[in-house]
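Listed here are the chains, written in short residue letters.
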Amino acid sequence: MRIRILRQQSPFSEPYWQTFSYEGSREISVAALIDELNYKDDLVDIDGNKAELISWECSCLQGMCGGCAMVICGRPALACETFLKDLPEDEVTLEPLRKFPTVSDLLVDRSIIQENLKKANTYIESYQPTDSKEHEHQYLAAKCLKCGLCLEICPNYAKGDKFYGAEFANDSYLVASRSANHKHDIQKEYEEHFAAGCSKSLACEDICPMKIPTLASMAKLNRRKKF
């Protein structure tokens, strides 16, 4: 099996493709594959050229942190939840998320996600107990990993744009439904940084590893706008 990786030595260098050979089990995840390649003291590519270890990010390796988000065979996914047996047998391609600045190889800078949340003052401030009917959806919305997969797949999101994406919509719902005195401000931020730019392709729901029903968050926030 050929493993083709889009590499980049630094944020300022040109990206290039490098291909490696893998002959092991297909019953492993892409995360385990990268680990196996990096465990070699003398990593070489398919042409026998010495290669630097592959830069990437991971933490839990259980689909709970979102750190290993990347583009696998053209589709944004978590490396720890994507298995070789489910990918093409001849060649697997790995690329960094395209809508975030590349730090090195498959490692990207996703700090814009947190920066946008801070700009919009997305915090609960003074807590207000909510109707128990909201608890189930609040739990689902709070499962967001901030992995960036929804932004990567979103046709409306672009780097540096005022549209903040699905993760912002879900966080806005949480604040609007639980804050005692901050909900009107966050409603305005939601309308400016999400509602005004969303075309409702719902690609975010399809790609989300936590299966968050973002459309339900949108509906609940849109209903609040009437009052």
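Colleague: Can you walk me through the sheet that holds strand 5 (residues 91-95) in this structure?
Modeller: Strand pairing in a sheet takes place through backbone hydrogen bonds and is either antiparallel or parallel in direction. Across the sheet, five strands lie side by side as 2-1-5-3-4; this open sheet has mixed pairing. At either margin of the open sheet sits one strand with a lone partner, and together these are strand 2 (16-21) and strand 4 (75-78). Along the sheet, successive strands turn relative to each other by an average axial angle of 30 degrees, direction set aside. Two strands pair when backbone bridges link them, and strand 1 (residues 2-7) and strand 2 are joined in this way by six bridges, in the antiparallel orientation. If you follow Arg7 over to strand 2, its bridge partner there is Tyr16. Its contacts with the sheet put helix 1 (residues 30-38) on strand 1, strand 2, strand 3 (69-72) and strand 5, and the angle it makes with strand 3 is roughly 90 degrees.

Colleague: How should the pairing of strand 4 be read in this particular structure?
Modeller: Consecutive side chains of a regular strand alternate in pointing toward one face of the sheet and then the other. The sheet contact formed by strand 3 and strand 4 spans four bridges and is antiparallel. Opposite Ile72, over in strand 4, you have Arg75 as the bridge partner. Hairpin connection from strand 3 to strand 4: two residues lie between these consecutive antiparallel strands, with Cys73 at a positive phi of about 50 degrees.

Colleague: What am I meant to see in the nonpolar core here?
Modeller: What tends to happen in soluble globular proteins is that the nonpolar side chains get buried as a cluster. Ile3, Val30, Met70, Leu84 and Leu94 are the most contacted members of the largest nonpolar core, which has 64 residues in total. When residues in this core are grouped by element, the largest group, seven residues, is from helix 5 (residues 166-178). Apart from residues no more than four positions distant in its own chain, Val30 is found in contact with Met70, Ile72, Ala79, Thr82, Leu84, Leu87 and Leu94.

Colleague: For this particular structure, what's the right way to read the pattern of salt bridges?
Modeller: Two side chains that carry opposite charge are able to pair once their charged atoms sit near each other. On inspection of all chains with the given rule, the structure shows nine salt bridges. We note a salt bridge from Glu152 to Arg98, for which the minimum N-O separation is 3.4 Å. Note that Glu152 is positioned in helix 4 (residues 149-153) and Arg98 in the loop between strand 5 and strand 6 (102-104), a separation of 54 residues in sequence. One salt bridge connects Lys220 with Glu134, and the closest N-O pair in it is separated by 3.4 Å. Of this pair, Lys220 sits in helix 8 (residues 214-224) while Glu134 sits in the loop between helix 2 (111-119) and helix 3 (135-141), placing them 86 residues apart in sequence. Connected via shared salt-bridge partners are Glu95, Arg98 and Glu152.

Colleague: Which parts of the structure should I look at to understand helix 2?
Modeller: Note on helix geometry: an α-helix contains 3.6 residues per turn, so any two residues three or four positions apart are oriented the same way. Of the residues making up helix 2, those classed as buried are Ile113, Asn116 and Leu117. Taken around the axis of helix 2, the buried residues stretch over an arc of 100 degrees, which confines them to a single face. Across helix 2 from its buried face, at more than 90 degrees, point the exposed residues Lys118 and Lys119. The inward-facing, buried residues of helix 2 contact helix 4 and helix 5. A positive backbone phi angle near 55 degrees is found at Asn121, which sits one or two residues after helix 2.

Reading the values: rules and limits
Residues numbered from 1 in each chain as written. Predicted model: local features only at pLDDT ≥ 70, side-chain atom pairs only at ≥ 80, totals over all residues. Heavy atoms only, no water. Pairing = 2+ DSSP bridges. Helix = DSSP H or I, 4+ residues; strand = E, 2+ residues; numbered from the N terminus. Axes fitted to C-alpha atoms, helices over the stretch in contact; angles between N-to-C directions. Contact = heavy atoms within 4.5 Å. Core = buried A, V, L, I, M, F, W, Y, C linked by side-chain atoms within 4.5 Å. Buried < 20%, exposed > 50% of the residue type's maximum accessible area, 1.4 Å probe, protein only. Salt bridge = Lys/Arg side-chain N within 4 Å of Asp/Glu carboxyl O. Arc of directions from axis to C-beta.

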